[in-house]
Amino acid sequence: MAIVVAGLFLESAGVIFLPGETLLIGAGFVASQGAFNPLVLFALGIMGTSAGWFTAYYIGYKVGIKWVKKHGRWIGITAERLNKTHTFMNKYGSIVVLFGRFIVPLRQLQGYISGSAETTLQDFYLWNMALRQIEWVGFTMQRSSCVPNRS
């Protein structure tokens, strides 16, 4: 399970195309066979993913904007583009966080983007957790319909 948690942490912290979700699916299959408790796996998955989100957000918030202002010209980020991004994130940041979870590589980078754009931690956390609640419903529905009752 430590590999799954580490994979989810690294994927959520910005390592693009890391197979954290694939590891979670495989571990879920193993858990459905009785190798370990699926609720423990679920809780550890949330912890690994959340730790990755907050690490990326914190790095983006503390380092990102300073780095972009200093080195952004080398990757095409001008002061004008930075201001447009900041305005956009202030206006639509919550929607970007919510729906960005479905778009690779935006999902892996949105912690850095949100932190750099100075999106409030409250909004970032709220919309990430809103999506987690939607996923929890899906997980619960799938578990109840796909896993045989072991009573």
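Just so it is clear, the structure is predicted and the values come from calculations on it, not from any experiment. (Residues numbered from 1 in each chain as written. Predicted model: local features only at pLDDT ≥ 70, side-chain atom pairs only at ≥ 80, totals over all residues. Heavy atoms only, no water.)

> I'd like a rundown of the packing of aromatic side chains, residues and numbers included.
Given two aromatic rings, their pairing is described by the distance between the two centres and the angle made by the two planes. Under the definition given, this model contains one aromatic pair. Aromatic pair Tyr 57 and Tyr 61: ring centres 6.0 Å apart, planes at 10 degrees, arrangement stacked. Of this pair, Tyr 57 and Tyr 61 both sit in helix H3 (residues 38–71), four residues apart, roughly one helical turn. For Tyr 61, a relative accessible area of 42% puts it in the partly exposed group. (Phe/Tyr/Trp six-rings, centres within 6.5 Å; stacked < 30°, edge-to-face > 60°. Helix = DSSP H or I, 4+ residues; strand = E, 2+ residues; numbered from the N terminus. Buried < 20%, exposed > 50% of the residue type's maximum accessible area, 1.4 Å probe, protein only.)

> Break down the environment of Ser 116 for me, citing the residues and quoting the values.
Position of Ser 116 relative to the elements: it lies in helix H5 (residues 106–116). For the pair Ser 116 and Ala 56, spaced 60 residues apart in sequence, the C-alpha separation works out to 9.8 Å. If sequence neighbours within four positions are ignored, Ser 116 has contacts with Gly 60, Tyr 61, Gly 64 and Ile 65. (Contact = heavy atoms within 4.5 Å.)

> Report on the side chain of Glu 11, specifying residues and quantitative values.
Assignment of secondary structure puts Glu 11 in helix H1 (residues 2–12). In contact with Glu 11, other than residues within four places in its own chain, are Leu 18, Gly 20, Glu 21 and Gln 108.

> Residue-level account of the confidence of the model for the chain, with values.
Looking at the chain as a whole, its pLDDT mean stands at 77, while 85% of the residues score no less than 70. The least confident element of the chain is helix H6 (residues 121–146), whose mean pLDDT is 64; the most confident is H1, at 88. (pLDDT = per-residue confidence, 0-100.)

> I'd like a description of the side chain of Ser 32, backed by residues and values.
As for its placement among the helices and strands, Ser 32 is situated in helix H2 (residues 20–32). On the basis of relative accessibility, which here comes to 19%, the residue Ser 32 falls in the buried class. In this structure the side chain of Ser 32 is engaged in a polar contact, spanning 2.6 Å, whose partner is the backbone oxygen of Phe 29. (Polar contact = N/O pair within 3.5 Å; in protein donor to acceptor, adjacent residues only side chain to side chain.)

> An account of H5 is requested, with residue identities and associated values reported.
The set of residues buried in H5 consists of Arg 107, Gln 108, Gln 110, Gly 111, Ser 114, Gly 115 and Ser 116. Of the residues one or two after H5, Glu 118 is the one with positive phi, at around 60 degrees.

> Explain the environment of Thr 87 to me, using residue names and the numbers behind them.
Within the fold, Thr 87 resides in helix H4 (residues 79–100). In this structure Thr 87 comes out as exposed when scored by relative accessible area, which is 52%. Counting along the chain gives 30 residues from Thr 87 to Ala 117, while the straight-line C-alpha distance between them is 8.4 Å.

> Now, about the packing of H1 against H2: what can you tell me, with residues and values included?
Two elements in contact, H1 and H2, have axes whose closest approach is 8 Å; the angle formed by their N-to-C orientations is 155 degrees. In terms of axis orientation, H1 runs roughly antiparallel to H2. Handedness of the H1/H2 crossing: left-handed. Residue-level inspection shows Ile 3, Val 4, Gly 7, Leu 8 and Glu 11 of H1 in contact with H2, the latter providing Gly 20, Glu 21, Leu 23, Leu 24 and Ala 27. (Axes fitted to C-alpha atoms, helices over the stretch in contact; angles between N-to-C directions. Parallel < 35°, antiparallel > 145°, perpendicular 65-115°, else oblique. Left-handed = near helix turned anticlockwise from the far one by under 90°.)

> For a nonpolar patch on the surface, give the residues involved together with the corresponding values.
A cluster of nonpolar side chains, namely Tyr 58, Ile 59, Val 63, Trp 67, Trp 74 and Ile 75, defines an oily patch on the protein surface of about 690 Å² accessible area. Relative to the helices and strands, Ile 75 is located in the loop between H3 and H4. For Ile 75, a relative accessible area of 54% puts it in the exposed group. (Patch = residues over 30% accessible without salt bridge, like charges linked within 9 Å, V, L, I, M, F, W, Y side chains within 5 Å. Areas by Shrake-Rupley, 256 points an atom, 1.4 Å probe, with all protein chains shown as cover. Salt bridge = Lys/Arg side-chain N within 4 Å of Asp/Glu carboxyl O.)

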